[in-house]
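# What the coordinates show
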Amino acid sequence: MTQDAMAAQMLNKPGFIAALDQSGGSTPGALRLYGIPDSAYSGDDEMFRLMHEMRVRIMTAPAFTGDKVIGAILFEKTMDGQAQGKPVPEFLWRERGVVPFLKVDKGLQPEADGVSLMKPIPGLDALLPRAKALGVYGTKARSVANLASQSGIAALVAQQFELGAQISAHGLMPILEPEVLIKSPDKAGAERILRAEILKGLDRLPAGQQVMLKLTIPEEPGFYAELIAHKGVARVVALSGGYTRADACRRLAANPGMIASFSRALVEELKRDMSDAQFNAALGKAVDEIYRASVAQG
């Protein structure tokens, strides 16, 4: 019943997904934005402890509930951690009504042919059942397109769907994230190729199987309408990609059917030295703004 309830929420409920999945490469930058300089910690263990404290502060804030935040993407160490004495996935769903997802990629390969494919993911077939047992509903994996390269983007999308099939085989919902960089010299051209390749992959899905898509907000409003309507797509969510929250929300509101899955744009005003009242007010403001953009199209 839990899986059915989570599936119903992800398919139908208004709201957005919070991306709380900064990993080793992006954590120092996220901590700096939060007001914790590199000099404040020594080593990965201390760095991840501070990051976990920030995430727990977000997850336990009054505004962070399934009323508006329908899902959250977690880093593996966050999934394995606790919030208010409970495993994080259990806390999110049982206490907050937020569906937990797990980031599973291990970062990017160097750019080649205009794209950065995912690195190999060792141990994935052991991680997935463990995540499911902890109450995780789905996964997310990111790769990146920089140039409008037909062969590069085709390879990137093929890798995403291959991984998605592996995820689905474990009974989890895959979020495929082939990001087009917002600073791409031909973002619109890359998006045209990406849309066509994703449609090919969707048309090849086994009957009854679905994926979610996490995509950069497109240059042309409504550009991904065909993906949103496809029977193989459970939901299309938007990454903020380096846009400010105001800009990301404005762009998102022009794309009916897409909902947010923001990371930096969600937390951009949060600082460690804020009082709880200040922190909760700032997060509540961000949640409200992103929610409005996600449901603006009805």
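Keep in mind the model is a prediction, meaning the values are calculated, not measured.

A few words now on helix α3 (residues 44–59). A rise of 1.5 Å per residue sets the reference length of α3, with its 16 residues, at 22 Å; its end C-alpha atoms lie 22 Å apart and thus fit the reference within 8%. For α3, the set of buried residues is Met47, Phe48, Leu50, Met51, His52, Met54, Arg55, Val56, Arg57, Ile58 and Met59.

One recurring pattern in soluble globular proteins is that nonpolar side chains are buried together. Among the nonpolar cores identified, the biggest contains 85 residues, and Phe64, Phe262 and Leu266 are the most heavily contacted of them. Considering every element that reaches this core, the biggest residue donor is α3, with eight residues. Once you skip the residues sitting within four places of it in the chain, Phe64 turns out to touch Ala18, Leu20, Ile58, Met59, Val69, Ala72, Leu92, Arg96 and Val98. Ranked by size, the runner-up nonpolar core spans 15 residues in total, among them Met10, Trp93, Phe101 and Met173.

This model, assessed by the stated rule, comprises 24 salt bridges. With its nearest N and O atoms 2.8 Å apart, the salt bridge here joins Glu53 to Arg49. Placement of both Glu53 and Arg49 in helix α3 is noted, with a separation of four residues, approximately one turn of the helix. We classify Glu53 as partly exposed; its relative accessible area is 40%. Here Glu191 and Lys187 are joined by a salt bridge, their closest N and O atoms 2.6 Å apart. You can see Glu191 and its partner Lys187 sitting in helix α8 (residues 187–203), four residues apart, about one turn around the helix. For the pair shown, Glu191 and Lys187 are each scored as buried. Ionic contacts of the salt-bridge type, sharing partners, join the residues Lys187, Glu191, Glu219, Asp247, Arg250 and Arg251 into one network.

Let's shift gears to the side chain of Thr216. Counting through the fold element by element, Thr216 comes out in strand β9 (residues 211–216). Residue Thr216 is classed as buried on the basis of its relative accessible area of 2%. At a separation of 2.7 Å, a polar atom in the side chain of Thr216 contacts the main-chain carbonyl oxygen of Val180. The contacts of Thr216, once residues within four sequence positions are left out, are Glu179, Val180, Ile182, Lys187, Glu191, Tyr224 and Leu239.

Take the side chain of Ser261 next. Structurally, Ser261 can be placed in strand β11 (residues 258–262). On the accessibility criterion, Ser261 (1% relative accessible area) is buried. Within the structure, the side chain of Ser261 is placed 3.0 Å from the side chain of Lys214, a separation counted as a polar contact. Residues within four places of Ser261 in sequence aside, it is in contact with Ile17, Ala19, Ile73, Lys214, Val237, Ala238, Leu239 and Ser240.

Attention now goes to the packing of aromatic side chains. Where two aromatic rings form a pair, the distance of their centres and the angle of their planes describe that pair. If you walk through the whole model with that rule in mind, you get three aromatic pairs. Centroid distance Phe101 to Tyr137: 5.7 Å. Interplanar angle 90°. Geometry classified as edge-to-face. Separated by 36 residues along the polypeptide, Phe101 in strand β5 (residues 99–103) and Tyr137 in the loop between α6 (124–133) and β7 (138–145) bring together distant segments of the chain. With relative accessibility at 7%, the residue Tyr137 sits in the buried group. Between Phe223 and Tyr224 the ring centres are 5.3 Å apart and the planes differ by 70°, which places this aromatic pair in the edge-to-face class. Seen from the ring of Tyr291, Lys68 lies directly overhead, with NZ or CZ sitting 5.5 Å from the centre.

Rules and cut-offs
Residues numbered from 1 in each chain as written. Predicted model: local features only at pLDDT ≥ 70, side-chain atom pairs only at ≥ 80, totals over all residues. Heavy atoms only, no water. Helix = DSSP H or I, 4+ residues; strand = E, 2+ residues; numbered from the N terminus. Expected span 1.5 Å × (residues − 1). Buried < 20%, exposed > 50% of the residue type's maximum accessible area, 1.4 Å probe, protein only. Core = buried A, V, L, I, M, F, W, Y, C linked by side-chain atoms within 4.5 Å. Contact = heavy atoms within 4.5 Å. Salt bridge = Lys/Arg side-chain N within 4 Å of Asp/Glu carboxyl O. Polar contact = N/O pair within 3.5 Å; in protein donor to acceptor, adjacent residues only side chain to side chain. Phe/Tyr/Trp six-rings, centres within 6.5 Å; stacked < 30°, edge-to-face > 60°. Lys NZ or Arg CZ within 6 Å of the ring centre and 35° of its normal.

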